[in-house]
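As a plain string of letters, each chain reads:
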Amino acid sequence: MPRALPQLAGVEHRFVDLPDLRMHVAEAGQGDPVVLLQGWPQNWWEWRRLIGPLAEHHHVICPDLRGSGWSDAPPDGYEKETMADDVLQLLDSLQLDRVRLIGHDVGGFVGFLICLKAPERVVRYLALNTGHPFVRPTPAVLATLWRFWYWPLLGAPLVGPWLIRHGAFRRFVRRWFTAERAGWSPADAALFADRVEEPARSIASSKIYRSYLLTESPQVLFGRYRSQRLTVPTLMLHGLEDRILREGFLGGYQPFAENMGLELVQGAGHFIAEEQPQLVLDRALRRLTKAQPPSGRSGPWLVLLCAV
């Protein structure tokens, strides 16, 4: 299985030292910066179908989140608040004052937290197949909790890392998340699996889900974020054939968001950026560029985040 960085035309790689994390960044193109962040079980390679088109107009910057891809996998720090701080520290290191933001699944939730923690840093936000932080424990939500049955398995100490190292990605993720419809080649799947099956990264992956179980989910359901307002203009773009995150999780945000909408996409599942890259590219370029940020160090930005 490949361990070296995959090659993509026009992409160069570097590592950025943050206060407690060495983060890998893939870059391409010139112009206004566009930052894309991946998440479990993927890495920067998830954006391979968008990097080229975006790089025709932008400086594309694709970091790997903590514990993923070629970034460090430290023993702790997998709470999503900490992962949001990682991204903000990266923006500081790259001297990006304000960004446009896109997030998918885990990275999507991280993106929402960035918008709440530092709204002055985000011009607009596009969330891809992810839950928002204002979810209430309604009957519609509770009726779909069984779909998250794999969280306790992957998040369990010892058991979770063992399952991940011994093929949970290959046997479970590709089937349950219907990854084949995203057009993953065997080489693409190997690039993702090779990283998460490494010992340190399998532990990191398990802790991402353990934190969901013990920290983020209770916080959301018991209303931690419902005392805040989302002021960043936001669009949730959601593939309706996502087998995990159903429509019941997507509503109820209206009292807490000043300018947030929801677009449901027929014929798309969980990996919408790979299943329908042209649609995502269209929304990124058309919806996120409506408002220009105030003058900053380098002009307007676009940040893309992803995870599972």
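Each remark here, short or long, concerns the structure printed above.
The shown structure was predicted, so the numbers you read here are calculated from the model rather than taken from an experiment.

Criteria and cut-off values
Residues numbered from 1 in each chain as written. Predicted model: local features only at pLDDT ≥ 70, side-chain atom pairs only at ≥ 80, totals over all residues. Heavy atoms only, no water. Buried < 20%, exposed > 50% of the residue type's maximum accessible area, 1.4 Å probe, protein only. Helix = DSSP H or I, 4+ residues; strand = E, 2+ residues; numbered from the N terminus. Pairing = 2+ DSSP bridges. 1 Å grid on protein atoms, 1.4 Å probe; cavity = no way out; pocket = protein on both sides within 12 Å on 5 of 7 lines; lining within 4 Å. Points joined across faces, edges and corners; volume = space filled by probe spheres on them. Nonpolar A, V, L, I, M, F, W, Y, C, P; charged D, E, K, R; others polar.

Peer 1: Sorry, what's going on with the pairing of strand 2 (residues 21-28) here?
Peer 2: When a strand is regular, its side chains alternate between the sheet's two faces. Along strand 2, seven of the eight residues are buried, which leaves the element largely enclosed by surrounding structure. Where strand 1 (residues 12-18) and strand 2 come together, seven bridges link them in antiparallel fashion. Paired with His 13 across the two strands is Ala 26, which belongs to strand 2. Remark: two residues form the turn of the hairpin made by strand 1 and strand 2, two consecutive strands paired antiparallel. Looking at chain direction, strand 2 and strand 4 (residues 58-63) are connected through four bridges and run antiparallel. Bridged to Glu 27 within strand 4 is Ile 61.

Peer 1: Is there a simple way to explain unusual backbone geometry in this structure?
Peer 2: Trans is the prevailing form of peptide bonds, just as negative phi is the prevailing case for residues other than glycine. Of note in this structure, Gln 95 is not a glycine but carries a positive phi near 60 degrees. Relative to the elements of secondary structure, Gln 95 occurs in the loop between helix 2 (80-93) and strand 5 (99-104). The exposure class of Gln 95 is partly exposed, given its relative accessible area of 46%. Positive phi values are uncommon outside glycine, yet Asn 129 reaches one of about 40 degrees. Along the polypeptide, Asn 129 turns up in the loop between strand 6 (122-128) and helix 4 (139-142).

Peer 1: Which parts of the structure should I look at to understand the layout of surface pockets?
Peer 2: To locate leftover empty space, one rolls a probe as large as a water molecule over the atoms. There is about 470 Å³ of room inside the largest pocket. Taken together, 25 residues make up the lining of the largest pocket; nearest its centre are Phe 148, Trp 151, Tyr 212, Ser 217 and Phe 249. Mapped onto the lining of the largest pocket, the elements with two or more residues apiece are helix 5 (150-155) and helix 8 (199-221). The biggest single contributor to the lining of the largest pocket is helix 8, with seven residues. Here the lining of the largest pocket is composed, by residue class, of 17 nonpolar, five polar and three charged.

Peer 1: Sorry, what's going on with the environment of Val 35 here?
Peer 2: With respect to the helices, strands and loops of the structure, Val 35 is situated in strand 3 (residues 32-37). Relative accessible area serves as the criterion here: at 0%, Val 35 is assigned to the buried category. Each C-alpha atom of the pair Val 35 and Pro 63 lies 7.4 Å from the other, and the pair is 28 residues apart in sequence.

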